[in-house]
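# Close look at the chain arrangement
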Protein chains: 2
Amino acid sequence: MSLHSTQTEFAAHVERREGRSAILLVCEHASNAFPAPWGTLGLTEGQQSAHVAWDPGALDLARCLSARLDAALVHAPVSRLIYDLNRGPARADAMAARSEVHEIPGNADLTPQDRLQRTEALYLPFHTALHAEVARRLALGQATVLVTIHSFTPIYHGQKRRVEFGVIHDADDRMARAIVAEAEAGTDLICGLNAPYSAADGVTHTLRLQATPYGLANAMLEIRNDLIATQAQAEGMADRLAPVLQAALARLTED
Amino acid sequence: MSLHSTQTEFAAHVERREGRSAILLVCEHASNAFPAPWGTLGLTEGQQSAHVAWDPGALDLARCLSARLDAALVHAPVSRLIYDLNRGPARADAMAARSEVHEIPGNADLTPQDRLQRTEALYLPFHTALHAEVARRLALGQATVLVTIHSFTPIYHGQKRRVEFGVIHDADDRMARAIVAEAEAGTDLICGLNAPYSAADGVTHTLRLQATPYGLANAMLEIRNDLIATQAQAEGMADRLAPVLQAALARLTED
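Residues numbered from 1 in each chain as written. Chains lettered and ligands numbered in written order. Predicted model: local features only at pLDDT ≥ 70, side-chain atom pairs only at ≥ 80, totals over all residues.

So, about the overall build of chain A. Within chain A, the regular secondary structure consists of six helices and eleven strands. Its C-alpha atoms give chain A a radius of gyration of 18 Å, within 12% of the compact-globule value 18 Å for 255 residues. In terms of overall dimensions, chain A has a C-alpha envelope of 55 × 45 × 30 Å along the principal axes. For chain A, the proportion of contacts with a sequence separation of at least 24, taken over those separated by at least 6, is 82%. (Helix = DSSP H or I, 4+ residues; strand = E, 2+ residues; numbered from the N terminus. Rg over C-alpha atoms; globule rule 2.2 N^0.38 Å. Contact = placed C-beta atoms within 7 Å.)

Next comes the structure, spelled out in C-alpha cells:
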C-alpha cells in the first residue's frame with residue numbers, strides 16, 4: 001500500500017496555550033485513534049484499546065494537571081502504533097511491526113515511502129507545533145520546563161511491575177531528581193528514578209529534541225496505568241502530583 | 001515599532017534536495033538581504049555588505065561544495081542581524097543590539113512581541129524546513145551528516161586572525177576531527193579545531209537542534225572570508241575542501 005501521494009496531515013492538539021505555569025506538558029501517546037488513510041492496522045478492538053496502542057489514562061491525567069497548574073498542554077491526535085511521536089524517523093519502533101507480545105500487521109511491510117508519508121503526516125506536524133510553543137515562550141522570555149506524561153502497564157512480558165510512579169531523565173537530571181524527592185516526601189507512591197525504563201532504552205526523544213537544545217530543564221513522568229484507569233482516578237492522581245510538580249519547580253528556581 | 005500582526009514569513013531556501021551525498025549542507029548566514037517589514041535596521045550601506053550582516057562568501061562556497069559533492073543545501077533568506085538562525089530565541093544575540101564594534105539601531109529597543117514576530121517569521125520557518133529535510137532522510141534510511149558553512153573576518157576587534165580554516169564541534173567530535181585531519185594532510189590551509197571560536201561561545205545551536213537529537217555526525221566549518229571573497233576564490237576553495245569532506249566522510253564510515 002503506497003500512501004505517499006496522500007496530503008493528509010494531523011496537527012498536534014494544543015490546550016491552554018496561555019497557561020501561566022513554567023511547565024509545558026506534552027503527551028505523545030495520548031490517543032488511540034486509528035484514522036484513514038491508515039485505519040486499524042489489522043488490530044483487534046481489544047488491542048486498539050490496550051496499552052500497546054496508547055498510554056491509557058495519560059491524557060486524562062495530563063489535562064487534570066494542566067488545569068491545576070495552569071499549564072499549556074500539547075498532545076497527539078493519533079495512535080502511537082501509526083507513528084510513535086517519541087521516536088525519531090530512523091527508529092524501527094517509530095512504526096513498530098511488533099510491540100511487546102503483539103504483531104502489528106499494518107506495520108509489517110512498510111516501504112521507505114510509507115515511512116516517509118507517516119513522518120510527514122504525523123511526526124513533523126507534531127514536533128513543529130511543539131517547537132513553535134517552545135520557541136514562542138523563549139522569545140517572550142517565559143520560563144519553561146518540559147514535562148512529558150506517560151503511563152505504563154502493570155504487567156509487561158508477564159512480569160508484574162511494583163513501581164507506581166517513574167521519573168525518567170535524559171542528560172539534564174535536575175527536574176527528574178527534584179520530582180522524585182518531592183514525591184517521596186509528599187506522597188505514598190512507590191517512586192522510581194529512571195523506572196520502569198530509562199534513556200538508555202531510547203525513550204527520551206522528545207526531551208532531546210525539544211528541551212536539551214535550549215538548555216531547558218525537563219522530565220518524563222510514567223504513571224502505572226491501573227492507578228489512572230478512570231477519570232476519578234486521574235483527578236485524584238493529579239491532586240497528588242500537581243503539588244509535587246509545583247514544589248519541584250520551586251526547587252529548580254532556588255538552585 | 002510593533003510588528004506582531006504582520007503575517008510575513010520567510011522560508012528557507014533548499015537547493016539540490018535530491019543530492020546523493022550523505023552530507024547535508026547548511027548556511028545560516030548566507031544572506032545580507034534586509035527586506036520589509038524590518039528594512040535596514042538603520043545600518044549604513046557599508047555595514048549591510050560587511051561581515052556583521054552575513055558571512056561573505058559562505059553561500060558561494062556552500063553552493064560550489066553542493067555541486068562538487070552532490071549535496072543538498074539549506075540556506076537563509078535574510079540577514080543574521082534581523083534574526084541569527086544559529087541562535088535560539090532566548091539569546092540576546094539572536095537579534096543583536098550590538099555586534100563586534102557595530103551598534104544596530106533597529107535592534108536597540110525590541111519588545112518581547114517584536115522578538116516573537118521575528119522568531120515566527122524567520123527562525124521557525126528556517127528550522128522547520130531544515131528539520132523536514134533531516135526527517136525525510138531519516139525516514140528513507142539515507143545516511144546523513146550535517147555540515148554548516150560559515151566565514152569569519154580576518155580582523156576582529158582589531159586583532160588579525162592567523163587561522164584560515166576552522167572546524168568546530170559540539171558534543172560529537174567525530175566529523176570535526178576527521179575534517180581537520182584530512183585538511184592538514186591534504187591541503188596547505190592553516191587549520192584549527194574549535195577556532196576561531198568554539199561551542200563554549202554558543203555558536204553550535206543548529207548542530208544541537210538538528211543533528212544531536214538524532215545522533216547524526218556533524219561539524220561547523222569556518223573559512224576566513226578573505227580567502228573566498230570572489231566567486232573564483234570560492235570555486236578554488238571548494239576544489240580544495242570537497243575532497244577533504246569526502247575523505248572525512250569515508251573515515252566516519254570506516255569507524
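So, next bit.
With that settled, the discussion passes to the confidence of the model for chain A. Summary statistics for chain A give a mean pLDDT of 94 and a share of 96% for residues scoring 70 or more. Low pLDDT, under 50, characterises residues 1–6 of chain A; the stretch is placed with ten contacts to residues that sit more than four places away or in other chains. (pLDDT = per-residue confidence, 0-100.)

All names here are of chain A. Read across the open sheet, the seven strands follow the order 1-3-2-6-11-9-10; overall the sheet is mixed. Bordering the open sheet on either side are strand 1 (13–15) and strand 10 (191–193), each of which pairs with just one other strand. Averaged over all pairs of adjacent strands, the angle between strand axes in this sheet comes to 20 degrees, irrespective of strand direction. Both strand 9 (residues 165–168) and strand 10 contribute to a ladder of three bridges, which runs parallel. (Pairing = 2+ DSSP bridges. Axes fitted to C-alpha atoms, helices over the stretch in contact; angles between N-to-C directions.)

Moving on, we come to the interface of chain A and chain B. With 22 residues of chain A at the interface, the matching set in chain B holds 22 residues. Secondary structure elements with two or more residues in the side of chain A that touches chain B: helix 3 (112–139) and helix 5 (205–210) of chain A. With 13 residues, helix 3 of chain A is the single largest residue contributor to the side of chain A that touches chain B. For the side of chain A that touches chain B, the per-class residue count stands at 14 nonpolar, five polar and three charged. (Nonpolar A, V, L, I, M, F, W, Y, C, P; charged D, E, K, R; others polar.)

Time to look at the relation of the copies chain A and chain B. Of the transformation superimposing chain A on chain B, the axial component is 0.0 Å and the angular component is 180 degrees, with the fit at an RMSD of 0.0 Å. Here the two chains are linked by the operation of a two-fold rotation axis. Mapped onto chain B, 100% of the interface residues of chain A are again interface residues, and the two copies thus contact each other with one and the same surface. (Least-squares fit on C-alpha atoms with pLDDT ≥ 70 in both.)

Below, the discussion takes up the sheet that holds strand 10 (residues 191–193) of chain B. Strands belonging to one sheet form pairs held by backbone hydrogen bonds; the direction of such a pair is parallel or antiparallel. Residues and elements named next belong to chain B. In spatial order, the strands read 1-3-2-6-11-9-10; together these seven strands make up an open sheet with mixed pairing. Each edge of the open sheet carries a strand with a single partner, namely strand 1 (13–15) and strand 10. Adjacent strand axes in the sheet meet at a mean angle of 20 degrees when their direction is disregarded. Across the sheet, helix 2 (residues 58–69) touches strand 1, strand 2 (23–27), strand 3 (72–75), strand 6 (145–152) and strand 11 (218–224), and the angle it forms with strand 2 is around 165 degrees. Across the face of the sheet, helix 6 (residues 231–254) comes into contact with strand 2, strand 6 and strand 11 while running at roughly 150 degrees to strand 6.

This paragraph deals with the nonpolar core. The nonpolar side chains of soluble globular proteins are, as a tendency, buried together. Formed by 150 residues in total, the largest nonpolar core has its most connected members in A:Leu25, A:Leu61, A:Ile179, B:Leu25, B:Leu61 and B:Ile179. Among all residues touching A:Ile179, those that are not within four sequence positions of it are A:Val167, A:Ala219, A:Val244, A:Leu245 and A:Ala248. (Core = buried A, V, L, I, M, F, W, Y, C linked by C-beta atoms within 7 Å. Buried ≥ 20, exposed ≤ 12 C-beta atoms within 10 Å, placed from the backbone.)

Residue and element names in this part refer to chain B. In contact at an axis separation of 8 Å, helix 4 (residues 174–186) and helix 6 are set at 130 degrees when each is read in the N-to-C sense. It follows from the interaxial angle that helix 4 and helix 6 lie oblique. Our pair here, helix 4 against helix 6, has a crossing hand that is right-handed. Of the residues in helix 6, those in contact with Arg 174, Met 175, Ala 178, Ile 179, Glu 182, Ala 183 and Gly 186 of helix 4 are Pro 243, Val 244, Leu 245, Ala 247, Ala 248, Arg 251 and Leu 252. Residue composition of the contact of helix 4 with helix 6, by class: ten nonpolar, one polar and three charged. (Parallel < 35°, antiparallel > 145°, perpendicular 65-115°, else oblique. Left-handed = near helix turned anticlockwise from the far one by under 90°.)

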